[in-house]
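This is what each chain is made of:
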Amino acid sequence: MPDPADSRAGRIAFTHPDFVLFQTARFLIVAATEMQAVAVGWQVYDITKRALDLGLVGLAQFLPGILLFLVSGHASDRFERRKVLSACYAGYAVCSGLLLVIAERGTHSVRPIYVVLVLLGVVRSFTGTASRSILPQLVPDEHFANAVAWNATTFQAATILGPALGGILYALFRGPLAVYAAAMLTAMGALLSMFRIKTRPQARRREPMTAKTILAGLHFIWREKLILGAISLDLFAVLLGGAVALLPVYAREILHTGPWGLGLMRTAPGVGAAVMAVALAHRPLRGRAGPTLLWSVAGFGICTILFGVSTSLVFSLMSLICLGAADMVSVIIRATLVQLRTPDEMRGRVMAVDMVFIGTSNELGQFESGVTAQWFGTVPAVLLGGVGTLLVITLWAWIFPELRRAGVLSHMKSVTDEVSEAVERIH
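Residues numbered from 1 in each chain as written. Predicted model: local features only at pLDDT ≥ 70, side-chain atom pairs only at ≥ 80, totals over all residues. Heavy atoms only, no water.

1. Notes on helix α12 (residues 259-282)
Every α-helix carries 3.6 residues per turn, so stepping three or four residues along brings you back to the same face.
Thinking step 1. Between the first and last C-alpha of α12 there are 35 Å, a value that for 24 residues agrees with the 34 Å anticipated at 1.5 Å per step.
Thinking step 2. Of all the bends in α12, the greatest reaches close to 30 degrees and is centred on T267; the proline P269 follows between one and four positions later. (Helix = DSSP H or I, 4+ residues; strand = E, 2+ residues; numbered from the N terminus. Expected span 1.5 Å × (residues − 1). Bend = angle between axes of the 7 residues up to and from the residue.)

Structural data, given as structure tokens:
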């Protein structure tokens, strides 16, 4: 018989009410943005019929993040993170409302959509840093690794529901109007949940906004080679393996399906990731975190190649499910590693740099995929990306020996005092 205590330990983070409220808000806002992404991708490709324009969707959301990441990180350290997130969730609702107005007017130009996507990128640049920095203020340190796993599970559950719902609504109502309306209402629900959260107070300095304090996150990551190696590995691997951006092309031209099929394909990585996140919440990684990180990213690249050569919807979905599962292992390792090695007064700025790496790999990866698909064709672009991911892993294992030697994640907290001293030296 399984021990009930072990079962409760696997869900220990949910004994903290503010963590539950945050997960509710996070689920709603991610579901809103995911269903909206399906509608935007299908609408843009329906208007232009060019893969390059799908790449520009990612670029429009990436540019604000790369320009504002230092400011957004400092804001997350200087101001109450709950209030920053509340303002961001209100911004998401406004952006969905603007897309709704554009769709209602029946425009045949993608330029107004890109303008809203740039505004959405501004909101996301502040959301990412505050959302990831607030997590340690919701649970005690001893429950943090469990919270990271369930936080990832919540995200992936939303990425399962959001795209599927977006694709179904788009198909049922024959256009994006219902999707944008649903996204706006869902974002408002996330805002209401965020209002009820009370964060655990933590002593930290309120530093003035100077060039030195703004750049402190960059200096910190540069000194911590293990963190630098982990997040840069994710950057280049996902940058090259960004097959998700080309899903509308695969749905229309290769797999010959409609918006519902696109929704399923966008959902598939979330299914694999959610299953893996739940498994890791109950059976966390015990050791050899670094080698596990490298092998999981290798699995991501292999699954990208398998998806690229597929002409079957079922095989494509299976490849994407396995891709999401492999990616989730690396996400949890990297998130736990970065958060536990970073003091609270630095988390906003460090998370800002981390979010630039993530945003670069995701949004700029979409742009890279769109450009290479325009040059070489859709299938060759995906295959080149998968092979490039495998080459990056080999190179990073050699450049960052710290990754090969990284051990048990639960022991990472023991280095906090050493890291704090390094922060003092940076300041």
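Picking up after the structure, the text goes on.
2. A closer look at unusual backbone geometry
Thinking step 1. One non-glycine residue, R174, adopts positive backbone phi at about 55 degrees.
Thinking step 2. On the secondary structure map, R174 appears in the loop between α6 (144-172) and α7 (177-195).
Thinking step 3. Located in the positive-phi region is H256, a residue other than glycine, with phi close to 55 degrees.
Thinking step 4. If you trace the backbone, H256 turns up in the loop between α11 (247-254) and α12.

3. Structural notes on the packing of aromatic side chains
Thinking step 1. Per the counting criterion, the structure on display carries five aromatic pairs.
Thinking step 2. For the ring pair F14 and F19, a centre distance of 5.3 Å and an interplane angle of 70 degrees mean the geometry is edge-to-face.
Thinking step 3. With relative accessibility at 33%, the residue F14 sits in the partly exposed group.
Thinking step 4. The exposure class of F19 is buried, given its relative accessible area of 0%.
Thinking step 5. Ring geometry for Y250 versus F307: centroids 4.6 Å apart, planes at 40 degrees, classification tilted. You can see Y250 sitting in helix α11 and its partner F307 sitting in helix α13 (residues 289-309), a full 57 residues away along the chain. (Phe/Tyr/Trp six-rings, centres within 6.5 Å; stacked < 30°, edge-to-face > 60°. Buried < 20%, exposed > 50% of the residue type's maximum accessible area, 1.4 Å probe, protein only.)

4. Structural notes on the environment of T159
Thinking step 1. As for its placement among the helices and strands, T159 is situated in helix α6.
Thinking step 2. Dropping the residues within four chain positions of it, T159 is found in contact with V30, E34, R266, T267 and G270. (Contact = heavy atoms within 4.5 Å.)

5. Brief notes about the pattern of salt bridges
Thinking step 1. Under the criterion given, the structure shown has six salt bridges.
Thinking step 2. In this structure, K49 engages D46 in a salt bridge whose closest nitrogen and oxygen atoms are separated by 3.7 Å.
Thinking step 3. Among the ionic pairs, R82 bridges to E80, the shortest N-O distance being 3.2 Å.
Thinking step 4. According to the relative accessible area criterion, E80 is partly exposed, its value standing at 30%.
Thinking step 5. In the salt-bridge network here, residues are joined through shared partners; they are D46, K49 and R252. (Salt bridge = Lys/Arg side-chain N within 4 Å of Asp/Glu carboxyl O.)

6. Regarding the layout of surface pockets
Thinking step 1. Of the voids in this model, the second largest pocket is the one considered here, and its volume is about 220 Å³.
Thinking step 2. Lining the second largest pocket are 13 residues; nearest its centre among them are Q43, D46, I47, T107 and P176.
Thinking step 3. Elements with a minimum of two residues in the lining of the second largest pocket: α2 (17-48) and α4 (81-104).
Thinking step 4. Here the element with the most residues in the lining of the second largest pocket is α2; it accounts for four residues.
Thinking step 5. When its residues are assigned to classes, the lining of the second largest pocket shows six nonpolar, five polar and two charged. (1 Å grid on protein atoms, 1.4 Å probe; cavity = no way out; pocket = protein on both sides within 12 Å on 5 of 7 lines; lining within 4 Å. Points joined across faces, edges and corners; volume = space filled by probe spheres on them. Nonpolar A, V, L, I, M, F, W, Y, C, P; charged D, E, K, R; others polar.)

7. Some thoughts on a nonpolar patch on the surface
Thinking step 1. Judged by side-chain polarity, V94, L98, V115 and L119 come together as a nonpolar surface patch covering roughly 330 Å² of accessible area.
Thinking step 2. A residue is classified by how much of its surface remains accessible, and L119, at 41% relative accessible area, is partly exposed. (Patch = residues over 30% accessible without salt bridge, like charges linked within 9 Å, V, L, I, M, F, W, Y side chains within 5 Å. Areas by Shrake-Rupley, 256 points an atom, 1.4 Å probe, with all protein chains shown as cover.)

8. Some thoughts on the side chain of S86
Thinking step 1. Along the chain, S86 turns up in helix α4.
Thinking step 2. What makes S86 buried here is its relative accessible area of 7%.
Thinking step 3. Within the structure, S86 has its side chain in polar contact with the backbone oxygen of R82 (distance 2.9 Å).
Thinking step 4. Setting aside anything within four residues of it in sequence, one finds S86 in contact with L191, M194 and F195. (Polar contact = N/O pair within 3.5 Å; in protein donor to acceptor, adjacent residues only side chain to side chain.)

9. Considerations on α13
Thinking step 1. Between its first and last C-alpha atoms α13 spans 31 Å; for 21 residues at 1.5 Å apiece the expected length is 30 Å, and the two agree.
Thinking step 2. Most of α13 sits inside the fold, with 15 of its 21 residues counted as buried.

10. Focus on the nonpolar core
Thinking step 1. Formed by 107 residues in total, the largest nonpolar core has its most connected members in Y89 and M265.
Thinking step 2. With 15 residues, the top contributor of residues to this core is α2.
Thinking step 3. Setting aside anything within four residues of it in sequence, one finds Y89 in contact with A25, R26, I29, T127, A187, A190, L191 and M194. (Core = buried A, V, L, I, M, F, W, Y, C linked by side-chain atoms within 4.5 Å.)

11. Considerations on the environment of S369
Thinking step 1. Relative to the elements of secondary structure, S369 occurs in helix α15 (residues 344-376).
Thinking step 2. Taking relative accessible area as the criterion, S369 reaches 5% and is therefore assigned buried.
Thinking step 3. A C-alpha to C-alpha distance of 6.7 Å links S369 and A245, two positions 124 residues apart in sequence.

12. Section: the confidence of the model for the chain
Thinking step 1. Across the chain, the average pLDDT comes to 77, with 78% of residues at or above 70.
Thinking step 2. Within the model, the stretch residues 410-427 combines pLDDT values under 50 with 31 contacts to residues more than four positions away or in other chains. (pLDDT = per-residue confidence, 0-100.)

13. Points about the side chain of R26
Thinking step 1. In this structure, R26 sits in helix α2.
Thinking step 2. Within the buried core, R26 has no salt-bridge partner, and the shortest N-O distance to an opposite charge, that of E34, equals 9.9 Å.
Thinking step 3. Filtering out sequence-adjacent residues up to four positions away, R26 remains in contact with Y89, S131, N151 and F155. (Lys, Arg positive; Asp, Glu negative; His and termini not counted.)

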